[in-house]
Amino acid sequence: MINIAIVEDDVYIRNSIVQFLQMQPEFNCVFNYGSVEAFLQSHVEPDVLLLDIELPGITGLEGAFRIKQNNPSVNILMLTVYEDKERIFKALQAGATGYLLKNTPLLKIKAAVLDAVEGGVPMSPLIAKKVIAYFSGKRDVAENTTSEQLTSREKEVAQLLINGDTYRQIAWALTISPDTVRQHIKNIYRKLQIKSRVQLINEFR
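As a convention, each chain's residues are numbered from 1 in the sequence order in which they are written. Given that this is a predicted model, residues contribute local features only at a pLDDT of at least 70 and side-chain atom pairs are listed and counted only at 80 or more, while totals for whole chains, interfaces and linings are drawn from all residues. Excluded from the side-chain calculation are hydrogens and water; included are all heavy atoms of the structure.

Colleague: Looking at this structure, I do not really get the packing of helix α1 (residues 11-22) against helix α5 (residues 106-117). What am I missing?
Modeller: If you want to describe how two helices pack, look at the angle between their axes and the distance between the axes. Relative orientation of the contacting elements α1 and α5 amounts to 65°, with a least axis distance of 10 Å. Here α1 lies roughly perpendicular to α5, going by the angle between them. Note that α1 runs across α5; the crossing there is right-handed. Within the contact between the two elements, α1 uses Ser 16, Ile 17 and Phe 20 and α5 uses Leu 106, Leu 107, Ile 109 and Lys 110. Its residues assigned to classes, the contact of α1 with α5 shows 5 nonpolar, 1 polar and 1 charged. For helices, the fitted axis covers only the stretch in contact; all axes are lines through C-alpha atoms, and the angles between them, taken along N-to-C directions, range from 0 to 180 degrees. For helices the rule is a DSSP run of H or I covering at least 4 residues; for strands it is a run of E covering at least 2, with both sets numbered from the N terminus onward. Under this scheme an angle from 65 to 115 degrees is roughly perpendicular, one under 35 degrees roughly parallel, and one over 145 degrees roughly antiparallel; angles in between are oblique. Handedness of each helix crossing follows the sense of rotation of the near helix against the far helix: counterclockwise by less than a right angle gives left-handed, clockwise gives right-handed. Contact criterion: two residues are considered in contact whenever any of their non-hydrogen atoms come within 4.5 Å of each other. Residue type decides the class: Asp, Glu, Lys and Arg count as charged, Ala, Val, Leu, Ile, Met, Phe, Trp, Tyr, Cys and Pro as nonpolar, and the leftover types, Gly among them, as polar.

Spelled out as structure tokens, the structure:
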């Protein structure tokens, strides 16, 4: 069962999402807060956190960084009306797992939560297009000199990770088990001395 928390200062939006998620059988507890401060004081450690950007007091961007410092394993999904590249990449650099716009249908928010737990990087279509456009001019991982210490299989896994594939999608694409994918990713992170998918993307910028 998946534990979820949401930090959103708009009571109507927060209650709508909470009520929907509470009805889903995949989810256990759904905690909700109106500010980052209230969330931090609760000491709750959810599997997935839906986090607004513009909040009273500590902003979502600053909050994402603090929360990841306290709980590196939490999957933070930014849920916001902002779609500018500056906020998108600041959120990813702060440790966000994904980036959703508030007009995202509730069923797709549920799908994004499940995707994040599976190792994916869920994003609204418009956001994904902007991220892809940003990286479209970047060289393939296999051509990057930084990846010379990686094996050919690790380079394939790294490229799929950068593309946003989940662990299961990588396993299917390479005809290997999810456990083997996890081991490759551990080796990639160790060799490159990084700890997250976002750092991997930055490694090959």
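There's plenty left to go through after this.
Colleague: Got a minute to help me understand the environment of Gln 149 in this structure?
Modeller: Mapped onto the elements, Gln 149 comes out in the loop between α6 (125-135) and α7 (152-163). Owing to a relative accessible area of 44%, Gln 149 belongs among the partly exposed residues under this scheme. Spatially, the C-alpha atoms of Gln 149 and Ile 188 are 9.2 Å apart, while their sequence positions differ by 39 residues. Setting aside residues no more than four positions away along its own chain, Gln 149 makes contact with Glu 154, Lys 191 and Leu 192. Exposed residues in this analysis have more than 50% of their type's maximum accessible area, buried residues have under 20%, and partly exposed residues fall in between, with area computed by a 1.4 Å probe over protein chains only.

Colleague: Help me out: how do you make sense of the pairing of strand β5 (residues 98-101) in this one?
Modeller: Covered by surrounding structure in β5 are Gly 98 and Leu 100 together with Tyr 99 and Leu 101, the residues of both alternating faces. Two strands qualify as a pair provided DSSP detects at least 2 bridges between them. Here strand β4 (residues 75-80) pairs with β5 via 4 bridges, running parallel. The residue of β5 that forms the bridge with Met 78 is Tyr 99. A clockwise course of the path from the first strand over the helix to the second, judged with the strands pointing away from the viewer, identifies a crossover as right-handed. Taken together, β4, helix α4 (residues 85-94) and β5 constitute a β-α-β crossover, and its handedness is right-handed.

Colleague: How do you make sense of the pattern of salt bridges when you look at a structure like this?
Modeller: Once their charged atoms are close, side chains differing in charge can pair, the charge on each being opposite to the other. Here, a salt bridge means any Lys or Arg side-chain nitrogen found within 4 Å of an Asp or Glu carboxyl oxygen. Tallying each qualifying case throughout the model produces 11 salt bridges. A salt bridge links Glu 26 to Lys 110; the shortest N-O distance between them is 3.2 Å. One end of the pair, Glu 26, is in the loop between α1 and β2 (27-33); the other, Lys 110, is in helix α5, with 84 residues separating them in the sequence. Relative accessible area serves as the criterion here: at 29%, Glu 26 is assigned to the partly exposed category. Given a relative accessible area of 14%, Lys 110 falls into the buried group.

Colleague: Even after reading the chapter, I still don't get the layout of surface pockets, so can you show me in this structure?
Modeller: Taken as a whole, the second largest pocket spans an internal volume of roughly 160 Å³. As for the second largest pocket, its lining consists of Phe 39, Leu 40, His 43, Val 44, Glu 45, Pro 46, Ile 67, Asn 70, Asn 71 and Val 74. For cavity detection a 1 Å grid was placed over the protein atoms alone, and a set of points counts as a cavity when a 1.4 Å probe fits there but cannot get out; an open set counts as a pocket when protein lies on both sides within 12 Å along at least five of seven lines, with lining residues being those that have an atom within 4 Å of a point. Grid points are joined across faces, edges and corners, and a volume is the space filled by probe spheres set on the points.

Colleague: Help me understand α7, please; the structure alone is not making it clear to me.
Modeller: Every α-helical turn comprises 3.6 residues, leaving residues that sit three or four positions apart pointing alike. A helix is expected to span 1.5 Å for every residue after the first. With 12 residues, α7 extends 17 Å from end C-alpha to end C-alpha; this agrees with the ideal 16 Å at 1.5 Å per step. Along α7, the residues classified as buried are Glu 154, Lys 155, Val 157, Ala 158, Gln 159, Leu 160 and Leu 161.

Colleague: Help me out: how do you make sense of the packing of α7 against helix α8 (residues 167-174) in this one?
Modeller: One way to put it is that α7 packs onto α8 with a least axis distance of 10 Å and a crossing angle of 135°. By the angle between their directions, the pair α7 and α8 is classed as oblique. As α7 runs across α8, the sense of the crossing is right-handed. Contact with α7, carried on its side by Arg 153, Glu 156, Val 157, Leu 160 and Leu 161, involves Tyr 167, Ile 170, Ala 173 and Leu 174 of α8 and no other residues of that element. Broken down by class, the residue content of the contact of α7 with α8 amounts to 7 nonpolar, no polar and 2 charged.

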